[in-house]
Amino acid sequence: MKILLVSDKEEPYIWDYFDRDRFADVELILSCGDLKAEYLSFLVTMIHAPLFYVPGNHNTDYLKNPPEGCVSVDGQIMVHKGVRIAGFGGSYCYSKQEFQYTEEQMKKKVNKLKTKFWRQKGFDILMTHAPALGLGDGDDLCHRGFVSFKMLLDKYSPRYFIHGHQHLNYRSNQPRISQYKDTQIINAYGYHILDYK
């Protein structure tokens, strides 16, 4: 299954110069936040695939105008064609705005899904806006990752951990793809196509 991953930057390659044939085999779109609602609605309309999203720390407009035709998986676990996807939006708290969380607050969000994780026997994809602590996060408070996410990786060993927030141009050596134990980590900044097998 081809999955289009998007986050943090509306790509002119997609939005301004959309070519339907290039995305004809995409069966699912995952958005990791900080994208305009109009962009997500455009993607789900033009590609004709379901779009699951989590909000980023700059998506307070989603509270009044969520992306049309798209499904929030923030604090949820969804199953699409047998693939179990767990989602958590927002970033580490740095200015006490919506979609910003302390470690304790994120831990509570994660714990609310414990029963669902048990019923689903884990999950295949962990999809978040912020990275996990020490796994592709930044040095400043805003871009700090969550311990809670690292604990989820340790406990459930999903196949993929997909996040945004940490732009690939922040550091010259920022990798898009890395590995943590049995989990492949993908930074969805801009866009990336995942061939999920």
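Residues numbered from 1 in each chain as written. Predicted model: local features only at pLDDT ≥ 70, side-chain atom pairs only at ≥ 80, totals over all residues. Heavy atoms only, no water.

Peer 1: Is there a simple way to explain the sheet that holds strand E13 (residues 190-195) in this structure?
Peer 2: Sheet strands pair by backbone hydrogen bonding; their relative direction is either parallel or antiparallel. Judged by pairing direction, the sheet is mixed, and its five strands sit side by side in the order E4-E3-E2-E1-E13 without closing on themselves. Strands at the two margins of the open sheet, each flanked by one partner only, are strand E4 (71-72) and E13. Of the pairings in the sheet, the one linking strand E3 (residues 51-53) to E4 comprises two bridges and is parallel in character. The residue of E4 that forms the bridge with Tyr53 is Ser72. (Pairing = 2+ DSSP bridges. Helix = DSSP H or I, 4+ residues; strand = E, 2+ residues; numbered from the N terminus.)

Peer 1: Honestly, helix H2 (residues 37-47) in this entry has me stumped. Any pointers?
Peer 2: In an α-helix, one turn spans 3.6 residues, which is why side chains three or four residues apart end up on the same side. Across the eleven residues that make up H2, a large majority, eight, are buried. Of all the positions in H2, only Ala37, Tyr39, Leu40, Ser41, Phe42, Leu43, Val44 and Ile47 are classed as buried. Among the structural elements, strand E1 (2-7), helix H1 (12-15), strand E2 (26-31) and E3 are those in contact with the buried residues of H2. Looking one or two residues past H2, His48 carries a phi angle of roughly 60°, positive in sign. (Buried < 20%, exposed > 50% of the residue type's maximum accessible area, 1.4 Å probe, protein only. Contact = heavy atoms within 4.5 Å.)

Peer 1: For this particular structure, what's the right way to read the pairing of strand E5 (residues 76-80)?
Peer 2: Consecutive residues of a regular strand have side chains that alternate between opposite faces of the sheet. The pairing of E5 with strand E6 (residues 83-88) spans five bridges and is classified as antiparallel. By the bridge assignment for E6, Val79 is matched with Arg84.

Peer 1: Whenever I open this one, the environment of Phe117 confuses me. Can you help?
Peer 2: Looking at where Phe117 falls in the secondary structure, it is placed in helix H4 (residues 114-119). Between the C-alpha atoms of Phe117 and Leu168, which are 51 residues apart in sequence, the distance is 31 Å.

Peer 1: I'm lost on the layout of surface pockets in this one. Help?
Peer 2: Rolled over the atoms, a probe sized like a water molecule indicates the empty space that remains. As a volume, the largest pocket reaches approximately 180 Å³. Along the walls of the largest pocket sit Lys107, Val110, Asn111, Lys114, Phe117, Ser148, Met151, Leu152, Lys155 and Tyr156, which together make up its complete lining. (1 Å grid on protein atoms, 1.4 Å probe; cavity = no way out; pocket = protein on both sides within 12 Å on 5 of 7 lines; lining within 4 Å. Points joined across faces, edges and corners; volume = space filled by probe spheres on them.)

The quantities given are spatial measurements derived from coordinates; they are silent on function.
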